[in-house]
Amino acid sequence: QKEVEQNSGPLSVPEGAIASLNCTYSDRGSQSFFWYRQYSGKSPELIMSIYSNGDKEDGRFTAQLNKASQYVSLLIRDSQPSDSATYLCAVNRGDSNYQLIWGAGTKLIIKP
Amino acid sequence: KAGVTQTPRYLIKTRGQQVTLSCSPISGHRSVSWYQQTPGQGLQFLFEYFSETQRNKGNFPGRFSGRQFSNSRSEMNVSTLELGDSALYLCASQQTLGGGYTFGSGTRLTVV
């Protein structure tokens, strides 16, 4: 079982709709959760971090965390073509605050 | 505030050669991590340094090594290059324990 799992996609969403990206993790001791966006040929860019159960909103982005079920999700409202990218989920090791475990990423395509 | 700076941006090397990549973290960030990214393998952790000490190392052969200087700048070295070492090498710095990483633009290494 992979430590951090994401659906590789591609996930195709119409422009203006809500894109929903999911991530599950195996380490129950994990406390820090991150979503990164990576455009083709570019480096990952941190877009959301979440540390406690519930929702965290930042503009069109909402991160949701459920530690009991060990999943974290990212919602993108009013999806734009510029949101087309690969989204990486990262989770800290339960025994190490400084090492992240990465999912393989979900490719998101927003269709105009 | 300057971001994470990686040099060079691009490199072409021949099999058997060695290469040194450089990373300057964001000012004040003492933790530097290195990753290898290939299309098929995603982000693979190489090693992480904090205050000139390697705190963790990924599952890479001994040909891959690194170090960190007193000013937090870090270098990684790959000796006896193989074709499979062709990848995007990313450096990331972390400000606080448990916080997210900020990535540099990466060094794209091509081994021919």
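Residues numbered from 1 in each chain as written. Chains lettered and ligands numbered in written order. Predicted model: local features only at pLDDT ≥ 70, side-chain atom pairs only at ≥ 80, totals over all residues. Heavy atoms only, no water.

Draft legend 1. Examining the overall build of chain B more closely. A count of helical and extended segments in chain B gives 0 helices and 11 strands. The order of α-helices and β-strands along chain B, N terminus first, is β-β-β-β-β-β-β-β-β-β-β. Its C-alpha atoms give chain B a radius of gyration of 13 Å, near enough to 13 Å, the size a compact globule of 112 residues would have. With the C-alpha coordinates aligned to their principal axes, the bounding extent of chain B is approximately 40 × 25 × 25 Å. Per-residue burial for chain B yields a buried fraction of 50% across its 112 residues. As presented, chain B carries roughly 5,300 Å² of accessible surface, and 46% of it is formed by carbon and sulfur atoms. (Helix = DSSP H or I, 4+ residues; strand = E, 2+ residues; numbered from the N terminus. Rg over C-alpha atoms; globule rule 2.2 N^0.38 Å. Buried < 20%, exposed > 50% of the residue type's maximum accessible area, 1.4 Å probe, protein only. Areas by Shrake-Rupley, 256 points an atom, 1.4 Å probe, with all protein chains shown as cover.)

Draft legend 2. Layout of the sheet that holds strand S7 (residues 61-66) of chain A. Residue and element names in this part refer to chain A. Pairing is antiparallel across the open sheet formed by 5 strands, whose spatial order is S1-S3-S8-S7-S6. Two strands bound the open sheet, and with one partner strand each, they are strand S1 (4-6) and strand S6 (54-58). Taken over all neighbouring pairs, the strand axes of this sheet differ in orientation by 20 degrees on average, direction set aside. (Pairing = 2+ DSSP bridges. Axes fitted to C-alpha atoms, helices over the stretch in contact; angles between N-to-C directions.)

Draft legend 3. Main features of the state of the cysteines. Residue and element names in this part refer to chain A. In total, this model carries 2 disulfides over all chains according to the counting rule given. Paired by a disulfide, Cys 23 and Cys 89 hold their sulfur atoms 2.1 Å apart. Between Cys 23 and Cys 89 the sulfur-sulfur dihedral comes to about -70 degrees; the bridge is accordingly left-handed. Residue Cys 23 is found in strand S3 (residues 19-25), and its partner Cys 89 is found in strand S9 (residues 85-93); the two are separated by 66 residues along the sequence. Here Cys 23 and Cys 89 have matching classes, each one buried. (Disulfide = S-S within 2.5 Å.)

Draft legend 4. Highlighting the pattern of salt bridges. Tallied over the full model, the rule gives 9 salt bridges over all chains. Its salt-bridge partner being Arg37(A), residue Glu45(A) comes within 3.0 Å of it at the nearest N-O pair. With its nearest N and O atoms 2.7 Å apart, the salt bridge here joins Glu48(B) to Arg55(B). One salt-bridge network, in which partners are shared between bridges, spans Arg63(B), Glu82(B) and Asp85(B). (Salt bridge = Lys/Arg side-chain N within 4 Å of Asp/Glu carboxyl O.)

Draft legend 5. Summary view of the interface of chain B and chain A. If you look at the interface, chain B gives 19 residues, while chain A gives 16 residues. Summing both partners gives a buried area of about 1,400 Å² for chain B against chain A, and 54% of it is carried by carbon and sulfur. Our count for the contact surface shared by chain B and chain A stands at 0 salt bridges. On the surface where chain B and chain A come into contact, there are 5 residue pairs in polar contact (both at pLDDT 80 or more). Elements supplying a minimum of two residues to the side of chain B that touches chain A: strand S4 (31-38), strand S5 (42-50), strand S6 (53-57), strand S9 (87-94) and strand S10 (101-103) of chain B. For the side of chain B that touches chain A, a count of residues per class yields 8 nonpolar, 8 polar and 3 charged. (Contact = heavy atoms within 4.5 Å. Buried area = accessible area lost by both parts, 1.4 Å probe. Polar contact = N/O pair within 3.5 Å; in protein donor to acceptor, adjacent residues only side chain to side chain. Nonpolar A, V, L, I, M, F, W, Y, C, P; charged D, E, K, R; others polar.)

Draft legend 6. Geometry of the packing of aromatic side chains. If you walk through the whole model with that rule in mind, you get 12 aromatic pairs over all chains. Plain terms: the ring middles of Tyr36(A) and Phe103(B) are 5.7 Å apart, the flat faces sit at 85 degrees to each other, and that makes the pair edge-to-face. One end of the pair, Tyr36(A), is in strand S4 (residues 33-38); the other, Phe103(B), is in strand S10, on a second chain. Pair check on accessibility: Tyr36(A) and Phe103(B) agree, each one buried. When the ring of Trp102(A) is compared with that of Tyr35(B), the centres are 5.8 Å apart and the planes differ by 80 degrees; the resulting orientation is edge-to-face. With Trp102(A) in strand S10 (residues 96-102) and Tyr35(B) in strand S4, this residue pair bridges two chains. Exposure remark for Trp102(A): the relative accessible area of 11% places this residue in the buried category. (Phe/Tyr/Trp six-rings, centres within 6.5 Å; stacked < 30°, edge-to-face > 60°.)

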